[in-house]
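Remarks on the overall topology
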Amino acid sequence: LVIKDLHFDEVPVRIYLPKVPSATKRRGVIFFHGGCGMFGSIRSHERVCRSIARKSDSVVVSVGYHLSPEHKYPAQTLDCLTATVHFLKTAENYGVDPDRIIVCGDSAGGTYTASVCQELVNRKDIPKIRAQVLIYPFLQALNFDLPSYQKNAFIAFLSRERVVRFILKYLNKDGSMKEAILSGSHVPESMNLKYRKWINPDLIPEIFKLGYKPPLPASFSSQVHEETKELFETRFSPLLAEDAVVCHLPDTCIITCEHDVLRDDGLLYKKRLEDNDVKVTWYHMEESFHCALEFFGYGIFSFPSSSKMLNHTVNFIK
């Protein structure tokens, strides 16, 4: 690979170009790393991006979006959007077919992937994104009591409590609101009713609901709601996008992990996409957990599921 550090409209990127000449224009992959919008970097996902470029014979652009709290939300999403638009417009300069560009991300990078694809559905001035890959994505901040949140509440790397602590830190909000948000006090009844059709344990297949207990209704706090309105933006919670947007999304690959609080976000988005006739390829990793992809390529510290996840991603891209 030829590896270059560049800027796409002031957003740092690292581009991985296969050295072997290609008879036709290659496909392009834009990668957004995970890390709750506060951690991670181009370097933390170097092995992942190199491997995707090599194994899929694609040009990969890894986006070094600016991190919170130094750069306030939604700077992260906007950086990802800016870099994507720039690549769509200039793809041919890198030997890439602009009609074969795939957006991909893990964890918060999966959030940015979903958000960028939603924001671009109505753009007529740039090529359409060909596909999106969401690897254990965070997609909604309304319900922290879904079956996967209950089952994996105390799991390593990303516990239920840590999700909300990270959200408040990411948004630069008062951490004392954590318990209120975990209980659902930030969501007014009208909003719960409106979004029940999309965010609801009843929509999760029974096989994933063993041991699930419906939570007690929370008392609504208008103060917490006012303080955390960003949580209800589709940019933050892509699962809340209207069907008019969702039905125009590109072919999608979703990877979920059994031991992950965010598993059900992926399952609910899968259902939404399928209900809107979007083609979905789904891989469920029964032995895996949140953050597993980041261990890829670390020898004895890697996990079998890390390689499997990467291979699923590469096969979908190809």
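About the thresholds
Residues numbered from 1 in each chain as written. Predicted model: local features only at pLDDT ≥ 70, side-chain atom pairs only at ≥ 80, totals over all residues. Heavy atoms only, no water. Pairing = 2+ DSSP bridges. Helix = DSSP H or I, 4+ residues; strand = E, 2+ residues; numbered from the N terminus. Axes fitted to C-alpha atoms, helices over the stretch in contact; angles between N-to-C directions. UniProt positions renumbered as here; feature names shortened; annotations may be inferred. Salt bridge = Lys/Arg side-chain N within 4 Å of Asp/Glu carboxyl O. Buried < 20%, exposed > 50% of the residue type's maximum accessible area, 1.4 Å probe, protein only. Polar contact = N/O pair within 3.5 Å; in protein donor to acceptor, adjacent residues only side chain to side chain. Contact = heavy atoms within 4.5 Å.

**A closer look at the sheet that holds strand S2 (residues 11-17)**
Reading across from one edge, S1-S2-S4-S3-S5-S6-S7-S8 is the order of the eight strands in this open sheet, with mixed pairing throughout. One side of each edge strand has no neighbouring strand; the edge strands of this open sheet are strand S1 (2-8) and strand S8 (280-289). Recorded for the sheet is a direction-independent mean angle of 20 degrees between the axes of neighbouring strands. Bridge count between strand S7 (residues 251-259) and S8: seven bridges; the pairing is parallel.

**As for the UniProt feature "domain: Alpha/beta hydrolase fold-3" (unreviewed entry) in the protein**
UniProt marks residues 29-176 and 228-292 with the feature "domain: Alpha/beta hydrolase fold-3" (unreviewed entry), using the numbering shown here. Regarding residues 29-176, the helix share stands at 37% and the strand share at 17%, and the terminal C-alpha atoms are separated by 40 Å. Helix makes up 26% of residues 228-292 and strand 29%, whereas the separation of the span's terminal C-alpha atoms amounts to 30 Å.

**Quick look at the pattern of salt bridges**
Applying the stated criterion to the full structure yields 22 salt bridges. Between Glu-119 and Arg-235 there is a salt bridge, with the nearest N and O atoms lying 2.8 Å from each other. One end of the pair, Glu-119, is in helix H3 (residues 108-119); the other, Arg-235, is in the loop between helix H8 (222-227) and helix H9 (243-246), with 116 residues separating them in the sequence. For Glu-119, a relative accessible area of 32% corresponds to the partly exposed category. Of the residues examined, Arg-235 reaches a relative accessible area of 25% and is grouped as partly exposed. When salt bridges with common partners are traced through the structure, they connect Asp-5, Arg-14, Glu-46 and Arg-50 into a single cluster.

**A short note on unusual backbone geometry**
That bond from Ser-68 to Pro-69 is cis: its omega, 0 degrees, falls within 30 degrees of zero. Looking at the secondary structure, you find Pro-69 in the loop between strand S4 (59-63) and helix H2 (75-90). The amide bond that connects Tyr-73 to the next residue, Pro-74, takes the cis arrangement and shows omega of 5 degrees. The topology assignment puts Pro-74 in the loop between S4 and H2. The phi angle at Cys-36 is positive, at roughly 60 degrees, despite the residue not being glycine. Of note, Cys-36 is situated in the loop between strand S3 (26-32) and helix H1 (46-56). With a phi angle near 30 degrees, Tyr-136 is a residue other than glycine that sits in the positive phi range.

**Digging into the side chain of His-186**
Within the fold, His-186 resides in the loop between helix H6 (178-183) and helix H7 (189-195). The class of His-186 is buried, set by a relative accessible area of 0%. Within the local environment of His-186, its side chain forms a polar contact with the backbone oxygen of Ala-141, the two atoms lying 2.8 Å apart. In this view, His-186 contacts Ala-141, Leu-142, Phe-144, Ala-180, Ile-181, Phe-220, Val-224, His-225, Thr-228, Leu-231 and Phe-232; residues no more than four positions away in its chain are not counted.

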